[in-house]
Amino acid sequence: MNSNNELAQVYLDANATTPVLPEAAAAALSAMETLFGNPSSSHITGLKAKDLMEQTRQRAQTLLGTGKGKLIFTSGATEGIQTAILSALLAAKNQIQAGQSYSVLYGATEHKAVPESLKHWLTVLDIPAQIMAIPVDEFGILDKEFIRQHAANALMICTMAVNNETGVFQDLQQLEKTIRDANPNTFWMVDCVQALGKTALNLAQTSIDYAPFSGHKLYAPKGIGFVYIRDGAPFTPFIAGGGQESGLRSGTENLPGMAALNVIFKMLLCPQDSAFHDRQTLQGYRQQIADTLTKCFPRIVFNNSFEHSVPTTINFAVPSFSSKEIMDLFDAANIRVSSGSACSSKVTRSFVLDAMGLPAWQSESAIRMSFGPAMTQADVTLACERIKIASQALTQSCMVLDYSRDIDDKTPLDGLLQLGAGASCTWVYVDRNSQQAVIIDPLPELQHRLDTLLQCQQLEVKAIIDTHGHADHVSGREVLANRYLANQDSDILGWPYQTQTVEHLGTQYESIAIGELQLVKLPTPGHTADSISLILCPMNLGDKTLQQQAKFAFCGDTILMGSLGRTNFDSSSSEALFHSLKLLNHTISPETLICASHDYNHEFTTTLPAEMSRNTLLNAVLKEQVSLDDFTVRKAHLDSHLNDEVGTEIMCGAYVGSCDKSVINEYDAKSLAAAINSKDELRIIDIREPHEYALSHPQESSQNVPLTRLVQFIHEHQHQKDKPWVLVCRSGSRSMVAAQAMHRLGFSHISHLKGGYALSH
């Protein structure tokens, strides 16, 4: 599946890894094809290989000012860290005195390889030392007073020269004075991975005992690195064997990697003849990118102080956007960025920014842009142009306002829109013909996005309603209501006082009109005393009942996907929930889509039959198989499984079943192409957001159904569950989640493109 508007790649993730410079790649290839000898061999080919290795070492020693210190080649920074920690802790163990307490200190923003390695080796070596994180201030600078207080009993102190997420650098001279004044004999390791080529180092002039480096962070191949060990510092080989590296690190040397490093070192030593730029030039590049970001995202917040950072790293957040949303946007524009350390999988927020004391939203929304010292002005210009293109796509999908463009040039909304922050959901229903909208459970994190959406789409807001008083967040309703519904009289949840009524089961229920539809309010206390459910159905029911015509049920936390709303708040009532569940069962149909206030397992929506099939308590209530007293007991037992200590959210229901992890049919690019040619009914559904789709989409005929509109799509195709649809996205992750959600609701022929567009070329 090839894109019909493929853009050249803009790579801004150099702190994760860098491309190998052509000169370095050529040297590595030569070492594989010509200078391929084993440095341990005594014949001429081996001697030439050894000469190359020693030339590389000598250049590194000159560049870093290692003096009489050792410089040992490794597989990368992680091995260098292990070597340093093992060497230091083995020596420190021999100095431990009975009855004294000891600690090991590391920077709170340190790469996870450091604290995890410390834990590992302290356990393996059976050293009774407390691991303590050195706090940092709002700029990411280590707390020197903390070091003064705790260094005296520290067996080892681990810091980093430059942070990989923020680019923040430490003043090593000041840090050294603080450490050595408090403890002249403690072992000190400095992670210098991100410092190479960005800051000057003269290691022999410091008391740094160990300094690991990595080649692939500065235009050399992966799998090659080196570690500095101060002259006189204790050393224990991490890898034993054939005695290579003078017995310091066994294993046949990575000569191609060393050949590439040799070229990089030569460039650093002679910058005037290389692709590398000086600090002032790099600062100019950063400022150009930062200015473009600010112009395209006026509410942007930079998480790192440029004054305290190397000029090759920008860390920022955009209010109302998650880091994943920005990453997906930039990836669609072929801009490669990161949401944090690429060495950490499935990270949802930045522990580095948390340690700096930044607000949670900045940590959860953080984006890192990083480039190397070989960046060119042409690269910067292209990056800035591409960022502008990406932001323009956001204006088209009404996620950012651009008053310089025609407001009518936007993708119109019609139907249900699902927005979220964390596991919480906000629902927006738009009637395109009347340009009317209703917002349900507005989240404070989404206030600006909702405001932008309403202005961009030029919508008339009929109501902004909470389904209950939320315990896990402050509602975003009041701010929006003050702007759009200042003259509307409503109750505390936002339900308007001036309404019409609709008869159901012999009772009159209040409703409000939205175009040709109506939103019916159903009191459903239980989770909280003020809980309500909102049923969207046609204004004219004809000869059918409300139950038969109910399209969507916004029931807050009364029924959650895989659970029931908790009833152990002060305002909760299991008895009331029991009766509310029965009322809902007589008000909505098996096909009505339940739209909850929380989606803890990425299931989007559900139905009563889907929940009854996995929630035995709900099933028993709706089938009249449990008494009120038994329900109360069983509900209390269910609530006892709640764990509010997970993450930052209060859980609103205890999960009672397993997610449907049914095996979903997966296509790769080749098999999908064959299926398209052989199956006339096969339809490709691109589930990326409209701005991603606008930036790049496949040549093959495809329909764009963004995840935010998936529930509307499911509703519209309730009677076509046997149709063969193939879901596609950027990486295959979102399409798999969506396919599993649809399969759980009976879409039996749903499949997805494994690896997404990323692996489809």
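All figures in this text were calculated on a predicted structure; none of them were measured in a lab.

A. Structural context of the packing of aromatic side chains. One pass over the full model with this rule turns up 11 aromatic pairs. Where Trp-121 meets Phe-238, the ring centres are 6.1 Å apart and the plane angle is 80°; that geometry is what we call edge-to-face. With Trp-121 in helix H4 (residues 113-124) and Phe-238 in the loop between strand S8 (225-229) and helix H7 (255-269), the pair connects residues that are 117 residues apart, well separated along the chain. Pairing Phe-226 with Phe-265 gives two aromatic rings, centres 5.5 Å apart and planes at 80°, and the pair type is edge-to-face. With a gap of 39 residues between them, Phe-226 in strand S8 and Phe-265 in helix H7 connect regions that are remote in the sequence. No difference in accessibility class separates Phe-226 from Phe-265, as the two residues are buried. Connected via pairs of aromatic rings, a cluster forms that spans Phe-213, Phe-226 and Phe-265.

B. Here's a closer look at the confidence of the model for the protein chain. For the protein chain, per-residue confidence averages 91 on the pLDDT scale, and 94% of positions sit at 70 or higher. Of the regions scoring below 50 in pLDDT, residues 341-347 engages in 9 contacts with residues more than four places distant in sequence or in other chains.

C. Spotlight on the environment of Leu-172. Secondary-structure assignment places Leu-172 in helix H6 (residues 172-182). According to the relative accessible area criterion, Leu-172 is buried, its value standing at 17%. Sequence-wise, Leu-172 and Val-190 are 18 residues apart; in three dimensions their C-alpha atoms are separated by 9.0 Å.

D. The arrangement of the sheet that holds strand S21 (residues 552-556) in detail. Spatially, S17-S18-S19-S20-S21-S24 is the arrangement adopted by the 6 strands of the open sheet, whose pairing is mixed. For this open sheet the edge positions go to strand S17 (500-504) and strand S24 (593-596), each flanked by a neighbour on one side alone. Pairwise comparison of adjacent strand axes, ignoring direction, gives a mean angle of 30° for this sheet. Pairing of S21 with S24, which is carried by 3 bridges, proceeds in the parallel orientation. In the sheet register, Ala-553 faces S24, and the bridge partner there is Ile-594.

E. Representation of the sheet that holds strand S27 (residues 702-704). Read from one edge to the other, the open sheet built from 5 strands follows the order S25-S29-S28-S26-S27, with strand pairing classed as parallel. In the strand order of this sheet, the two ends are held by strand S25 (665-667) and S27, each with one partner. Strand-to-strand, the axes of this sheet are offset by a mean angle of 30°, without reference to chain direction. In this structure, strand S28 (residues 725-728) lies alongside strand S29 (residues 750-753), joined through 3 bridges in parallel fashion. Across the sheet, Val-726 pairs through a bridge with Ser-751, a residue of S29. Together, S25, strand S26 (683-686), S28 and S29 form the strand contacts of helix H20 (residues 669-678), whose direction differs from that of S25 by roughly 100°. Here helix H23 (residues 733-744) sits on the sheet in contact with S25, S28 and S29, set at roughly 175° to S29.

F. Fine view of the state of the cysteines. Evaluated as defined, the whole model comprises 1 disulfide. The partner cysteine of Cys-398 in its disulfide is Cys-456, sulfur to sulfur 1.9 Å. Taking the sign of the S-S torsion, -60° for the link of Cys-398 and Cys-456, the bridge is left-handed. Remark: Cys-456 occurs in helix H13 (residues 447-457) and Cys-398 occurs in the loop between helix H12 (377-396) and strand S13 (415-421); sequence separation between them is 58 residues. Counting only cysteine sulfurs, Cys-296 is the nearest neighbor of Cys-384, a cysteine outside any disulfide, at a range of 8.6 Å. Here Cys-537 is not disulfide-linked; the sulfur of Cys-595 is the nearest cysteine sulfur, at 14 Å.

G. Quick peek at the pattern of salt bridges. The tally for this structure, following the rule as stated, stands at 26 salt bridges. With a shortest N-O distance of 2.8 Å, Arg-336 and Asp-331 are connected by a salt bridge. The class for Arg-336 is partly exposed, based on a relative accessible area of 21%. Taking the shortest distance from any N to any O, the salt bridge between Glu-611 and Arg-744 comes out at 3.5 Å.

H. Here's a closer look at the environment of Thr-467. Residue position: Thr-467 is located in the loop between strand S16 (460-465) and helix H14 (477-484). The spacing of Thr-467 and Asn-643 is 176 residues in sequence and 23 Å in space, taken between C-alpha atoms. Ignoring sequence-local partners within four residues, the contact set of Thr-467 consists of Ile-440, Asp-441, Leu-493, Asp-530, Ser-531, Ile-532, Leu-534, Phe-554, Gly-556 and Ser-597. One polar contact links Thr-467 to His-468, side chain to side chain, over a distance of 3.0 Å.

I. Region of interest: the packing of H13 against H14. Packing of H13 against H14 brings their axes to within 10 Å, and their N-to-C directions diverge by 25°. By the angle between their directions, the pair H13 and H14 is classed as roughly parallel. Helix-helix and strand crossings are classified by hand; for H13 and H14 the assignment is right-handed. Taking contact as the criterion, the partners of Gln-447, Leu-450, Asp-451, Leu-454 and Gln-455 in H13 are, on H14, Val-479, Leu-480, Arg-483 and Tyr-484. In terms of residue class, the contact of H13 with H14 is made up of 5 nonpolar, 2 polar and 2 charged.

J. Region of the structure containing the pairing of strand S14 (residues 424-431). Along S14, 8 of the 8 residues are buried, which leaves the element largely enclosed by surrounding structure. Residues Ser-424, Thr-426, Val-428 and Val-430 line one face of S14 and the alternating positions Cys-425, Trp-427, Tyr-429 and Asp-431 line the opposite face, and both faces are buried. Relative to S14, S13 runs antiparallel, the two sharing 7 bridges. Opposite Gly-415, over in S14, you have Val-430 as the bridge partner. Here S13 hands over to S14 after 2 residues, with Gly-422 in that stretch at a positive phi of 65°. Two strands pair when backbone bridges link them, and S14 and strand S15 (residues 436-440) are joined in this way by 5 bridges, in the antiparallel orientation. Residue pairing for S15: Trp-427 is matched across the bridge by Ile-440. In this antiparallel pair of consecutive strands, S14 and S15, the connection spans 4 residues, and Gln-435 shows a positive phi of 60°.

K. Quick look at H23. In a regular helix each residue adds 1.5 Å, so 12 residues correspond to 16 Å; H23 covers 17 Å between its end C-alpha atoms and thus fits that length. Here H23 lies mainly inside the structure; 9 of its 12 residues are buried. All of the buried residues in H23 are Arg-734, Ser-735, Met-736, Ala-738, Ala-739, Gln-740, Ala-741, Met-742 and Arg-744. Directly after H23, the chain includes Gly-746, whose backbone phi takes a positive value near 105°.

L. Spotlight on the nonpolar core. Counting 62 residues, the largest nonpolar core has Leu-64, Phe-213 and Phe-226 as the members making the most contacts within it. No other element matches the 10 residues that H7 contributes to this core. Ignoring sequence-local partners within four residues, the contact set of Phe-226 consists of Leu-64, Leu-71, Ile-72, Phe-73, Thr-74, Leu-196, Ala-211, Pro-212, Phe-213, Leu-261 and Phe-265. Within the second largest apolar cluster, 43 residues are counted, among which are Leu-519, Leu-536, Phe-604 and Met-736.

M. Broad picture of the environment of Ala-610. Inspection of the secondary structure assignment puts Ala-610 in helix H17 (residues 608-612). Sequence-wise, Ala-610 and Thr-545 are 65 residues apart; in three dimensions their C-alpha atoms are separated by 22 Å.

About the cut-offs
- Residues numbered from 1 in each chain as written.
- Predicted model: local features only at pLDDT ≥ 70, side-chain atom pairs only at ≥ 80, totals over all residues.
- Heavy atoms only, no water.
- Phe/Tyr/Trp six-rings, centres within 6.5 Å; stacked < 30°, edge-to-face > 60°.
- Helix = DSSP H or I, 4+ residues; strand = E, 2+ residues; numbered from the N terminus.
- Buried < 20%, exposed > 50% of the residue type's maximum accessible area, 1.4 Å probe, protein only.
- pLDDT = per-residue confidence, 0-100.
- Contact = heavy atoms within 4.5 Å.
- Pairing = 2+ DSSP bridges.
- Axes fitted to C-alpha atoms, helices over the stretch in contact; angles between N-to-C directions.
- Disulfide = S-S within 2.5 Å.
- Salt bridge = Lys/Arg side-chain N within 4 Å of Asp/Glu carboxyl O.
- Polar contact = N/O pair within 3.5 Å; in protein donor to acceptor, adjacent residues only side chain to side chain.
- Parallel < 35°, antiparallel > 145°, perpendicular 65-115°, else oblique.
- Left-handed = near helix turned anticlockwise from the far one by under 90°.
- Nonpolar A, V, L, I, M, F, W, Y, C, P; charged D, E, K, R; others polar.
- Expected span 1.5 Å × (residues − 1).
- Core = buried A, V, L, I, M, F, W, Y, C linked by side-chain atoms within 4.5 Å.

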